[in-house]
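Single-letter residue listing:
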Amino acid sequence: MTLRVGVIGTGAIGKTHIHRLTRTVSGARVVAVNDVTEAQAQAAVDSLQVDAKVYASAQELINTADVDAVVVASWGPTHEEFVIASIAAGKPVFCEKPLAVTAEGCRKIVDAEIAHGKKLVQVGFMRRYDQGYRALKETILAGTIGAPLMLHCAHRNPTAPGFSGDMAITDSLVHELDVLRWLLDEDYLSAQVIQPKRTRLADEGLQDPHIILLETTQGIRIDVESFVNCQYGYDIQCQVVGETGTANLPEPPSVTLRREAKFSRGILTDWKDRFVDAFNTEFQEWVNSTLEGKMLGPSAWDGYVVSVSADACVAAKHSGQITPISIPERPAFYS
Ligand code: NAD
Ligand code: ISE
């Protein structure tokens, strides 16, 4: 059986998802596409050579009988409406992060899914599908370094075009907020945000870098350096310090060079390249499980918890205080 997918949003990531669903992932076919700029949707279909119909409205795409499952890759503020509409139509929906731009919006999705009675929603936290993070989790679970005590992490982008306000937290740090709680199987208890000396290379008015200090429910301490204008590359680091050793997120493979009296290796510069295998695995597993009538990836609850945690980080940044993170009890539906 082939999963007939409708994709909403044909911007940067929407196009890569259409491409991977068409050329890389098996078991799925993109049959419908929509973008608020219809000509852009048509251009995506044409350039990617996909045999898909362009729909004038996202709601029409969601409701057509020709679409079995929906991918939401449009602008963040549209996600809540499209995910709720997919649930109302009883269709599985893969939603790029964020699930919604407010915790309240995420909670509405959680409540709608529970009321529907079957899990339909997966959130695009692709790092859980990265081989390196998966190996790190296996190392922790195997007890190889004893119980984790501290994590040192970094999220560095070369530049952050279009970033303003708190986007380093709400757009970028959310990946750490998801993958670290998945890695440790613990939620967060509190957040503190430190604003070091500002780089002159960030857009005017944008604080960059940040240091985010998190405490988990079992007292594990995490520091994340967020530096979204670091210039030199797209560099994601994670070191887990345990009772008997440390474990590092593997570096992406790259040829090492010895030339002109230097030893060097390349660093990637784009998140699309750094996590391409993770995105491919994420979509293959989503297609496989959706065809089996299951939803196994990051859930609407995960999207909600990340949103609550990100809100606390934003509040901590503005207050300068250690800010509690209170996560409501997980509904049995998501256990
Ligand atoms: P983008 O601006 O390149 O594309 C967004 C697209 O949404 C545009 O084509 C726009 O026309 C379309 N759009 C806006 N409103 C719409 C509406 N009402 N109906 C239909 N289409 C609409 O942005 P992007 O970089 O592709 O990001 C899209 C989403 O993916 C964001 O939520 C972003 O956070 C997420 N994202 C995730 C990752 C990741 O690593 N998982 C990486 C990049 C982006
Ligand atoms: C982007 O939106 C992403 O989601 C990337 O994964 C992240 O690393 C980047 O910082 C964001 O801007």
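Structure: above.
Quick summary incoming for the structure in this document. In this text, all values refer to a predicted model and were calculated from it rather than measured experimentally. (Residues numbered from 1 in each chain as written. Chains lettered and ligands numbered in written order. Predicted model: local features only at pLDDT ≥ 70, side-chain atom pairs only at ≥ 80, totals over all residues. Heavy atoms only, no water.)

## Here's the deal with the packing of aromatic side chains
Test applied: Pairing of aromatic rings covers Phe, Tyr and the six-membered ring of Trp, with a centre-to-centre limit of 6.5 Å; geometry is then stacked below 30 degrees between planes, edge-to-face above 60, and tilted otherwise. Under the scheme applied here, a residue whose accessible area is under 20% of the maximum for its type counts as buried, over 50% as exposed, and between as partly exposed, the area being computed with a 1.4 Å probe on protein chains only. Each ring is checked for a lysine NZ or an arginine CZ that lies within 6 Å of its centre and within 35 degrees of its normal; such an atom marks a charge sitting over the ring.
By the definition in use, this model includes eight aromatic pairs. Where W271 meets F279, the ring centres are 6.1 Å apart and the plane angle is 65 degrees; that geometry is what we call edge-to-face. What makes F279 buried here is its relative accessible area of 3%. On the basis of an interplanar angle of 80 degrees and a centroid distance of 4.9 Å, the ring pair of F333 and Y334 is categorised as edge-to-face. Exposure remark for Y334: the relative accessible area of 4% places this residue in the buried category. Every member of this aromatic cluster is reached through a ring pair, and the members are W301, Y304, F333 and Y334. One residue, K137, lies across the ring of W182, its end atom 4.9 Å from the ring centre.

## Quick look at the sheet that holds strand β6 (residues 121-123)
Strand pairs in the sheet, formed through backbone hydrogen bonds, run parallel or antiparallel to each other. The condition that has to hold: Only strands that DSSP links by at least two bridges are regarded as paired with each other. In DSSP terms, a helix is any run of H or I states spanning at least four residues, a strand is any run of E spanning at least two, and both are numbered starting from the N terminus.
The strand order across the open sheet formed by six strands is β3-β2-β1-β4-β5-β6, and the pairing between neighbours is parallel. Each edge of the open sheet carries a strand with a single partner, namely β3 (53-54) and β6. Strand direction decides the pairing type here: strand β2 (residues 28-34) and β3, joined by two bridges, are parallel. Across the sheet, residue V33 finds its bridge partner in β3, namely V54.

## Description of the layout of surface pockets
Basically, it comes down to this: Grid points spaced at 1 Å and placed over the protein atoms alone form the basis of the search, with a cavity being a set where a 1.4 Å probe fits but cannot get out and a pocket an open set showing protein on both sides within 12 Å along at least five of seven lines. Lining residues have an atom within 4 Å of a point. Grid points are joined across faces, edges and corners, and a volume is the space filled by probe spheres set on the points.
There is about 390 Å³ of room inside the second largest pocket. If you trace the second largest pocket, you find 18 residues lining it, with R128, W182, D185, D302 and R330 closest to the centre. Elements supplying a minimum of two residues to the lining of the second largest pocket: α6 (131-141) and α7 (167-184). Residue contributions to the lining of the second largest pocket peak at three residues, all from α6.

## Focus: the pairing of strand β10 (residues 221-227)
Only one face of β10 is buried: it carries I222, V224 and S226, and the other face, with R221, D223, E225 and F227, is open. In the sheet, strand β7 (residues 148-156) pairs with β10 via seven bridges, with the strands oriented parallel. Bridge pairing links L151 to I222 in β10. Relative to β10, strand β9 (residues 210-216) is paired through six bridges, and the arrangement is antiparallel. Its bridge partner being in β10, L214 is matched across the sheet by I222.

## As for the site of ligand 2
Applied cut-off: A molecule or strand has a residue near it when one of that residue's heavy atoms lies within 4 Å. Throughout this description, a polar contact denotes any pair of N or O atoms lying within 3.5 Å of each other; where both atoms belong to protein, one of them has to be capable of donating a hydrogen while the other can accept it, and for residues adjacent in sequence the pair is counted only when both atoms sit in side chains. The Shrake-Rupley method, run with a 1.4 Å probe, gives the accessible areas here. Residue values count only the displayed protein chains as cover.
For ligand 2, the full set of nearby residues is K97, M126, H155, N157, F163, D171, S172, H175, Y234 and W271. Between ligand 2 and K97, the relevant distance is 2.9 Å, taken from an oxygen atom to a side-chain nitrogen or oxygen of the residue. Side-chain polar atom of D171 to an oxygen atom of ligand 2: 2.8 Å apart, as the coordinates give it. Relative to its free-state accessible area of 300 Å², ligand 2 is covered by the protein chains to the extent of 86%. Broken down by element, the shell around ligand 2 gets its largest block of residues, three residues, from α7.

## A few points about the site of ligand 1
Condition: Polar here means any residue other than Ala, Val, Leu, Ile, Met, Phe, Trp, Tyr, Cys and Pro, which are nonpolar, and Asp, Glu, Lys and Arg, which are charged; Gly is therefore polar.
In the neighbourhood of ligand 1, 26 residues make up the surrounding shell, with A12, I13, D35, Q40 and K97 lying closest. Within the backbone of I13, one N or O atom sits 2.9 Å away from an oxygen atom of ligand 1. Between ligand 1 and the protein, one listed contact pairs an oxygen atom with a side-chain N or O atom of H79 at 3.4 Å. When isolated, ligand 1 has an accessible area of 840 Å², and the protein chains bury 78% of it. Only α1 (12-23), α4 (79-88) and α7 provide two or more residues apiece to the shell around ligand 1. Class assignment for the residues of the shell around ligand 1 results in 11 nonpolar, 11 polar and four charged.

## So, the side chain of H79
Cut-off, in case you're wondering: Contacts are assigned to residue pairs that have any heavy atoms within 4.5 Å of one another.
Relative to the elements of secondary structure, H79 occurs in helix α4. The class of H79 is buried, set by a relative accessible area of 1%. Side-chain polar atoms of H79 contact the backbone oxygen of S74, separated by 2.6 Å. In terms of polar contacts, H79 uses its side chain to reach the backbone carbonyl oxygen of P98, at 2.5 Å. H79 has contacts with V72, S74, C95, E96, K97, P98 and L99, leaving out every residue within four places of it along the chain.

## So, the sheet that holds β9
Here is the rule we go by: Orientation is described by axes fitted as lines to C-alpha atoms, over the contacting stretch for helices, and by angles from 0 to 180 degrees between their N-to-C directions.
Pairing in this open sheet of seven strands is mixed, and the strands run β12-β11-β7-β10-β9-β8-β15 from one edge to the other. Of all the strands in the sheet, just β12 (246-248) and β15 (323-324) have a single pairing partner and so form its edges. Sitting on the sheet, α6 is in contact with β7, β11 (235-242) and β12, with an inclination near 5 degrees to β11. Sitting on the sheet, α7 is in contact with β7, β8 (188-194), β9, β10 and β11, with an inclination near 150 degrees to β7.

## Things to note about α1
Side chains of residues three or four places apart in an α-helix project in the same direction, reflecting 3.6 residues per turn. This is how it is decided: Expected span of a helix: the number of residues minus one, times 1.5 Å.
Here α1 contains 12 residues, and its C-alpha end-to-end distance of 17 Å stays within 8% of the 16 Å for a straight helix at 1.5 Å per residue. Within the span of α1, buried status applies to I13, G14, H17, I18, R20 and L21.

Coordinates in, geometry out; function isn't part of it.
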